[in-house]
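Chain by chain, the residues run as shown.
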Amino acid sequence: MNEKIKVACPRFGNYHIALEFLFTKGLGVEYVTPPPSTKKTLEIGSKYSPDFVCSPFKFNLGNYIEAIEAGANTLIQTGGVCRLGYYGELHEQILKDLGYNVNFVNMSKASYNNPLSFYNEFKKVNPNMNIKKVSTVLIATLKMVECIDEIDDFVRQNVGFEVKDGSMEKIQEEFLEELRSAETKKDIEKITKKCKKRLKDVKLKKPKKIMRVGIVGEYYTIMEPFSNHYIEKELAKKGIVIYRWMNVSNSVLHHNGKEQKKEIKNYVKYYMGATSMATVYKTLEWAKAGFDGIVHVKSFGCTPEIDAMPVLQKISNDYKIPILYFSFDSQTSETGIQTRLEAFYDMIMMRKEKK
Ligand code: SF4
């Protein structure tokens, strides 16, 4: 292992476990997991960011600075299908101006159409990497991502009904910790199987009329719970089954853009960018399935998701499904979120009882 290379990526849901696996086992470098995002992370990021940039930029910058302080000397910059693709260069310049002397590897320079471009970027992380090893570990990493998402889905849909509060969260935390000791794809599958069994054994108490709410919206804000003020958890606690399609498995590994476009053709004619097509697609599907409500989340100033909002409103009118819209930035008030969630819950509950 090369002791000198210490890699860090921005914090994003539970995927740091998979990234740690990829970089340590595959590329043979040390991985520095940035501390979980907090108010302090956002404050640091906001202090050095342009005021009107969307909040994923600010969170990522805060994560980078906290990772450097924790010992990272190589930062992986993310690519993306919106302006996220340009963020890497801007982050790099800001960090250089602040006097941080670190190595930057910009993944937005790689393209899915050219797998060799990923190899070239990985080479910048560790020029001595073994391509065979990286390929094997990459396959296992993708499996790990799928397992993390699968467990996350199960918890989201059941946690609101557990008899003993915190049972599922504890099992999930232990699962993630155990994944850190995995060496192979087989280990990952074994650990996941064990976790699924434990989760299925958790005692649940479900009411006769179960409420279903779907969460849609922008990539980062929907998947990084601190940035959306843990709204999934807040809603689930009220005894609601929470559905969320947007995760790395669905949006990257098994994505079928053509099918989405076909399904929403009566509402969307042209490609709208970033996650907005998926937002419309899942809203329509869940509206047709008779869900009790939809929650739309995005970062303040996220143009692709702003474009999706009038379409969601149309679906809401056509299918008589309530939609709650949240736009998060560094100034969002916790009390305001709680009040709106309470009101939304009361409203969908009354509608359910009337039905
Ligand atoms: S999808 Fe929206 S919030 Fe996310 S990076 Fe792009 S513009 Fe910003």
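Please refer to the structure placed before this passage.
Parameters at a glance
- Starting afresh in each chain, residues are numbered from 1 along the sequence in its written order.
- It should be noted that, the model being predicted, local features are given only for residues of pLDDT at least 70 and side-chain atom pairs only at 80 or more, the latter also being counted only at that level, while totals for whole chains, interfaces and linings use all residues.
- Think of the side-chain values as coming from all heavy atoms in the structure, minus any hydrogens and water.
- In this analysis, rings of Phe, Tyr and Trp, with Trp reduced to its six-membered ring, are considered paired at centre separations within 6.5 Å, and the interplanar angle assigns stacked below 30 degrees, edge-to-face beyond 60, and tilted for intermediate values.
- Every helix listed is a DSSP run of H or I at least four residues long, and every strand listed is a run of E at least two residues long, numbered separately from the N terminus.
- When accessible area is computed with a 1.4 Å probe and restricted to protein chains, residues below 20% of their type maximum are described as buried, those above 50% as exposed, and intermediate ones as partly exposed.
- We count a charge as sitting over a ring when the NZ of a lysine or the CZ of an arginine lies within 6 Å of the ring centre and within 35 degrees of the ring normal.
- Note on definitions: angles span 0 to 180 degrees between N-to-C directions of axes, and those axes are lines fitted to C-alpha atoms, for helices only across the stretch in contact.
- Angular relationships are summarised with four words: roughly parallel below 35 degrees, roughly antiparallel beyond 145, roughly perpendicular across 65 to 115, and oblique for the angles in between.
- The criterion used for residue contact is that any of the two residues' heavy atoms lie within 4.5 Å.
- Each residue is assigned to one of three groups, with Ala, Val, Leu, Ile, Met, Phe, Trp, Tyr, Cys and Pro labelled nonpolar, Asp, Glu, Lys and Arg labelled charged, and all others, Gly among them, labelled polar.
- If even one non-hydrogen atom of a residue comes within 4 Å of a molecule or strand, that residue is called near it.
- Domains are outlined according to an automatic or database domain assignment.

Asker: Any chance you could explain the packing of aromatic side chains here in plain terms?
Answerer: Within a pair of aromatic rings, the relevant descriptors are the distance that separates the centres and the angle that separates the planes. Scanning the entire structure with this criterion turns up 14 aromatic pairs. Residues F59 and Y220 carry aromatic rings whose centres are separated by 5.8 Å and whose planes lie at 35° to one another, so their mutual orientation is tilted. Of this pair, F59 sits in helix 3 (residues 55-69) while Y220 sits in helix 9 (residues 219-223), and the two are 161 residues apart along the sequence. Each member of the pair F59 and Y220 is classed as buried. Pairwise contacts between aromatic rings join F12, Y15, F59, Y219, Y220, F226 and Y230 into one cluster. One Lys or Arg, K238, reaches over the ring of Y345 and ends 5.6 Å from the middle of that ring. Here the basic side chain of R340 rests over the ring of F326, its NZ or CZ set 4.8 Å away from the ring centre.

Asker: I tried to follow the packing of helix 6 (residues 131-158) against helix 7 (residues 167-179) on my own but got confused; where do I start?
Answerer: As a packed pair, helix 6 and helix 7 sit with axes 11 Å apart at the nearest point and diverge in direction by 175°. It follows that helix 6 is roughly antiparallel to helix 7 by the angle criterion. Taken together, the residues of helix 7 that come into contact with helix 6 (itself represented by M144, C147, I148, I151, D152, F154, V155 and N158) are M168, Q172, F175, L176 and L179. For the contact of helix 6 with helix 7, a count of residues per class yields ten nonpolar, two polar and one charged.

Asker: Help me understand the environment of Y281, please; the structure alone is not making it clear to me.
Answerer: Along the chain, Y281 falls in helix 13 (residues 276-288). A relative accessible area of 11% means that Y281 is categorised as buried. Counting along the chain gives 184 residues from Y281 to D97, while the straight-line C-alpha distance between them is 42 Å. What Y281 contacts, discounting residues up to four positions off in sequence, is E259, Q260, E263 and I264.

Asker: I would appreciate a short explanation of the site of the ligand in the present structure.
Answerer: Near the ligand, the surroundings consist of C54, P56, C82, R83, L84, Y87, E218, S299 and C302. Within the shell around the ligand, the residues separate by chemical class into six nonpolar, one polar and two charged. Each of two domains, domain 1 (2-129) and domain 3 (207-355), supplies a minimum of three residues to the shell around the ligand.

Nothing here speaks to function; it is geometry throughout.
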